[in-house]
Amino acid sequence: EAFAELSLTPGETASLHYYTLHPTLMDGAFQTAMAWLAHYEQTAAEGVLVPYAIERIEIRNQLGSSCFARVRRRAGERIVFDVAITDEDGNLQVQL
């Protein structure tokens, strides 16, 4: 399991209202999973890994300019993560 604090720069915050899921925050959540892999999985260091599928997305609220990501790897041979993004108070906003 890995946790990350994600936040937009002041310049990016100005574009926040254009997105339900701001691409910078989503990329940060995916990078949290990649950091977990780099730290815990030797095989991940042997090649380039790119997220290519999202099984489901549950959007409860639009993301704010800062949030937290929690990623958990599922058991099994395939590399699959569950991602939960919460607001600063810990309220679930998005689940992947």
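Residues numbered from 1 in each chain as written. Predicted model: local features only at pLDDT ≥ 70, side-chain atom pairs only at ≥ 80, totals over all residues. Heavy atoms only, no water.

The subject of this paragraph is the overall build of the chain. Each helix and strand in the chain was counted, giving two helices and five strands. When the helices and strands of the chain are listed from N to C terminus, the series reads β-α-α-β-β-β-β. Compactness check: the chain gives a C-alpha radius of gyration of 14 Å against a globular reference of 12 Å for 96 residues, within 12% of the reference. Projected onto the principal axes, the alpha-carbon positions of the chain cover approximately 40 × 25 × 25 Å. Looking at the chain as a whole, 30% of its 96 residues are labelled buried. Partitioning the contacts of the chain with sequence separation of at least 6, the portion at a separation of at least 24 is 59%. With the model as given, the accessible surface of the chain reaches about 6400 Å², and the carbon-plus-sulfur share is 50%. Separation between the mean location of the 7 positive side-chain charges and that of the 13 negative ones in the chain comes to 9 Å. (Helix = DSSP H or I, 4+ residues; strand = E, 2+ residues; numbered from the N terminus. Rg over C-alpha atoms; globule rule 2.2 N^0.38 Å. Buried < 20%, exposed > 50% of the residue type's maximum accessible area, 1.4 Å probe, protein only. Contact = heavy atoms within 4.5 Å. Areas by Shrake-Rupley, 256 points an atom, 1.4 Å probe, with all protein chains shown as cover. Lys, Arg positive; Asp, Glu negative; His and termini not counted. Charge placed at Lys NZ, Arg CZ, Asp CG, Glu CD.)

This paragraph deals with the nonpolar core. Soluble globular proteins tend to bury their nonpolar side chains together. Formed by 20 residues in total, the largest nonpolar core has its most connected members in L6 and I85. Broken down by element, the residue count for this core peaks at six residues, all from helix α2 (residues 23-40). The residues contacting L6, other than those within four sequence positions of it, are L25, G28, A29, S65, S66, C67 and A69. (Core = buried A, V, L, I, M, F, W, Y, C linked by side-chain atoms within 4.5 Å.)

On their own, these measurements won't tell you what the molecule is for.
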